[in-house]
Amino acid sequence: MSEPKKLYIKTYGCQMNVYDSERMSEALGGQGYVETQSPEDADMILLNTCHIREKAAEKVYSELGRFKGLKAEKPDLKIGVAGCVAQAEGEEIMRRQPLVDLVVGPQSYHRLPELEAKTRAGEKALDTDFPEEDKFEKLKNRPKAKRGPTAFLTVQEGCDKFCAFCVVPYTRGAEVSRPADRILHEAQDLVERGVREITLLGQNVNAYHGAGPDGDMTLAGLIWELNKIDGLERIRFTTSHPNDMTDDLIEAHGTCEKLMPYLHLPVQSGSDKILKRMNRSHTAESYLRLIERIREARPDILMSGDFIVGFPEETEEDFQATLDLVEQVRYGYAYSFKYSTRPGTPAAERPQVDPQEADDRLQRLQALITRHQREIQDAMVGRTVRVLFEKPGRLAGQMVGKSEYLHAVHVSGADLSAGDLRNVRITASGANSLAGEVL
Ligand code: 5AD
Ligand code: SF4
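The structure displayed is predicted, hence computed values, not measured ones. (Residues numbered from 1 in each chain as written. Chains lettered and ligands numbered in written order. Predicted model: local features only at pLDDT ≥ 70, side-chain atom pairs only at ≥ 80, totals over all residues. Heavy atoms only, no water.)

S.K.: Pulling in residues and values, what's your account of the packing of helix 9 (residues 180-192) against helix 10 (residues 219-227)?
M.R.: The contact between helix 9 and helix 10 brings their axes to 11 Å, and the two run at 35°. For the element pair helix 9 and helix 10, the recorded crossing hand is right-handed. Contacts between helix 9 and helix 10 involve A180, I183, L184 and A187 from the former and L222, E225 and L226 from the latter. Residues belonging to the contact of helix 9 with helix 10 are distributed by class as follows: six nonpolar, no polar and one charged. (Axes fitted to C-alpha atoms, helices over the stretch in contact; angles between N-to-C directions. Helix = DSSP H or I, 4+ residues; strand = E, 2+ residues; numbered from the N terminus. Left-handed = near helix turned anticlockwise from the far one by under 90°. Contact = heavy atoms within 4.5 Å. Nonpolar A, V, L, I, M, F, W, Y, C, P; charged D, E, K, R; others polar.)

S.K.: I'd like a description of the sheet that holds strand 16 (residues 333-338), backed by residues and values.
M.R.: Spatially, 14-15-16 is the arrangement adopted by the three strands of the open sheet, whose pairing is parallel. Each edge of the sheet is formed by a strand with only one pairing partner; in this case those strands are strand 14 (262-264) and strand 16. The average angle at which neighbouring strand axes cross in this sheet is 10°, direction not considered. For strand 15 (residues 302-309) and strand 16, the ladder comprises six bridges, and the chain directions are parallel. Bridge assignment links D306 to a residue of strand 16, and that residue is Y335. (Pairing = 2+ DSSP bridges.)

S.K.: Describe the site of ligand 2, naming the residues involved and giving the relevant values.
M.R.: Around ligand 2, the neighbouring residues are C159, K161, F162, C163, F165, C166, V168, P169, N204, H241 and R280. Looking at the shell around ligand 2, its residues break down into seven nonpolar, two polar and two charged. (Near = heavy atom within 4 Å.)

S.K.: How would you explain the nonpolar core if you had to name every residue and give the values?
M.R.: For soluble globular proteins, nonpolar side chains are generally found buried alongside one another. In terms of nonpolar packing, the biggest core is built from 57 residues, with L200, L222 and Y331 touching the most fellow members. It is helix 13 (residues 284-297) that contributes the most residues to this core, six residues altogether. Beyond its immediate stretch of four places on either side in the chain, Y331 contacts V267, Y287, M303, S304, G305, F307, L325, V326, H372, Q373 and I376. (Core = buried A, V, L, I, M, F, W, Y, C linked by side-chain atoms within 4.5 Å. Buried < 20%, exposed > 50% of the residue type's maximum accessible area, 1.4 Å probe, protein only.)

S.K.: Tell me about the side chain of H372, and name the residues and values.
M.R.: Secondary-structure assignment places H372 in helix 15 (residues 355-378). For H372, a relative accessible area of 1% translates into the label buried. Setting aside anything within four residues of it in sequence, one finds H372 in contact with V326, E327, R330 and Y331.

S.K.: How would you explain the site of ligand 1 if you had to name every residue and give the values?
M.R.: The immediate surroundings of ligand 1 are formed by I52, R53, F165, Q268, D306, I308, F337, K338, Y339, S340 and R342. R53 places a polar side-chain atom, nitrogen or oxygen, 2.8 Å from an oxygen atom of ligand 1. At 3.0 Å from a nitrogen atom of ligand 1 is found a main-chain nitrogen or oxygen belonging to F165. Considered on its own, ligand 1 offers 400 Å² of accessible surface; in the complex 87% of this is hidden by protein. Here the residues of the shell around ligand 1 sort into five nonpolar, two polar and four charged. (Polar contact = N/O pair within 3.5 Å; in protein donor to acceptor, adjacent residues only side chain to side chain. Areas by Shrake-Rupley, 256 points an atom, 1.4 Å probe, with all protein chains shown as cover.)

S.K.: Residue-level account of the state of the cysteines, with values.
M.R.: Going through the model one piece at a time under the given rule, you end up with zero disulfides. No disulfide involves C14; its nearest neighbouring cysteine sulfur is the one of C50, lying 6.5 Å away. (Disulfide = S-S within 2.5 Å.)

S.K.: Describe the side chain of D127, listing the residues and the values that go with them.
M.R.: Its location among the elements puts D127 in strand 6 (residues 125-127). Overall, D127 belongs to the buried group, its relative accessible area being 9%. Contacts of D127, omitting those with residues within four sequence positions, involve V103, V104, G105, S108, R111 and L115.

S.K.: Summarise a negative patch on the surface; cite the residues concerned and give the values.
M.R.: There is a patch of like negative charges on the surface, built from D272, E285, E292 and E296. Looking at the negative patch, the element that brings in the most residues is helix 13, giving three residues. Its place among the elements puts D272 in helix 12 (residues 272-277). On the basis of relative accessible area, D272 is assigned to the partly exposed category, the value being 40%. (Patch = residues over 30% accessible without salt bridge, like charges linked within 9 Å, V, L, I, M, F, W, Y side chains within 5 Å. Salt bridge = Lys/Arg side-chain N within 4 Å of Asp/Glu carboxyl O. Lys, Arg positive; Asp, Glu negative; His and termini not counted. Charge placed at Lys NZ, Arg CZ, Asp CG, Glu CD.)

S.K.: Would you mind going over the packing of aromatic side chains in detail, with residue names and values included?
M.R.: One pass over the structure, following the stated rule, counts five aromatic pairs. An angle of 75° between the planes, with centres 5.5 Å apart, marks the rings of F311 and Y339 as edge-to-face. Taken together, the positions of F311 in the loop between strand 15 and helix 14 (316-329) and Y339 in the loop between strand 16 and helix 15 put the pair 28 residues apart, joining distant regions of the chain. On the accessibility criterion, Y339 (10% relative accessible area) is buried. Every member of this aromatic cluster is reached through a ring pair, and the members are F165, F311 and Y339. The positively charged end of R96 is found above the aromatic ring belonging to Y61, 3.6 Å away from the centroid. (Phe/Tyr/Trp six-rings, centres within 6.5 Å; stacked < 30°, edge-to-face > 60°. Lys NZ or Arg CZ within 6 Å of the ring centre and 35° of its normal.)

S.K.: Kindly report on unusual backbone geometry, identifying the contributing residues and their values.
M.R.: A negative phi holds for most residues other than glycine; trans holds for most peptide bonds. Here T238 and T239 are connected by a cis peptide whose omega angle stands at 5°. Mapping T239 onto the fold places it in the loop between strand 13 (234-238) and helix 11 (247-255). In this model, S281 sits at a positive phi of 50°, which is unusual for a non-glycine residue. Here E313, not a glycine, exhibits a phi torsion of approximately 70°, which is positive. When you line up the elements, E313 lands in the loop between strand 15 and helix 14.

S.K.: Tell me about the pattern of salt bridges, and please be specific about residues and values.
M.R.: On inspection of all chains with the given rule, the structure shows 39 salt bridges. In this structure, the salt-bridge partner of R111 is D129, at a minimum N-O distance of 3.7 Å. You can see R111 sitting in the loop between strand 5 (102-104) and helix 6 (112-120) and its partner D129 sitting in the loop between strand 6 and helix 7 (135-138), a full 18 residues away along the chain. Its relative accessible area of 45% is what places D129 among the partly exposed residues. Close ionic contact of R178 with E186 constitutes a salt bridge, the shortest N to O distance being 3.0 Å. Judged by its relative accessible area of 6%, R178 falls in the buried class. Connected through salt bridges with shared partners, the residues E314, E316, E357, D360, R361 and R364 form a single ionic network.

Right under this line is the structure:
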């Protein structure tokens, strides 16, 4: 029997890419590949890339440069670029970095086996089409291997919102929802393989409107269906747009027992002038009112968000409005970024903010967010949370899991296995995690 070929995949960017990398690995598994953790052993290297900010895209080229030596030693090594840089730059990647053999966009992963065969025949392979067929349906034959207790499941891809700064509508294409029965089938299969928590993924996950038995189903409808699956204990979803937070979804946060009290709801800015220029189609006020309603439904919900500072024409006053909004919401987690110009997006044409000023604002915003994050985490001490244990911690006899609020929780000296769900009393709050004891 011949040795299996080895595949090294490196994943950049969002959770959708993590999910896609798993699917690509399975697709190439059918071609006799097994995954390796080291590029030196690989017969194929795949970079699953992110194009959301300039730095993310540049990293790909510097990483590719590092593989030059490997390819010289091992001429049969194939190098592929997948993900959003592949979609955005296509053939340009092969021109800029001739050692690349394969370029495949996020909508074409089901064609990987053919593309791989083409590279083995000594040709370059490129596919960045937006085909009609459901790539996940074509990739569905997951091997029945046992899995860890948490998994991602992509239910929706693409975005029709066209925020003025964002490349996603161009790289991931128009919004498409997968039919509900396929998602439920995949969820059932994950649960049979040991998964107890599923995070539904989509660039605009709450805009989900997949075909169901009685017409289109909303995300809330899908969550209620998932809620019925025995053995599935927890449901999460990310990332949401404020304008798609429908009444049924808000209500589900109050009444659906498996839906976790955590919501990632990016606002990007607290200034109405900037929100308008960002083409966000909500105001700071409408966002705050929405959060009020969500908190009425689920008072202990932990909010998370995304922010961009230094968006074109953002003044100090606009930035102060963002700080004000953050003060009002008090996020348990938040991701803040300095605006990064993306060629081809409308904001790229607007007058840019001085980079040093933007750096300064980013630091001030992050300091405030970190303070809230820390206060919220510290306030967990003395409370009892429910923890889904995932893996051993760094210390001997320690296990780590996540609370319903997504805080990492360490427990030592208890007889625990991955997949256990236990009540834990929180005894201490550290830099990025909590410690507790099993009750
Ligand atoms: N510059 C900076 N941040 C961006 N994001 C998206 N596009 C850009 C950009 N051009 C951020 C947004 C989004 C998150 C995934 O990345 O905050 O919610
Ligand atoms: Fe990008 Fe806006 Fe769509 Fe989010 S909603 S993916 S930020 S265009």
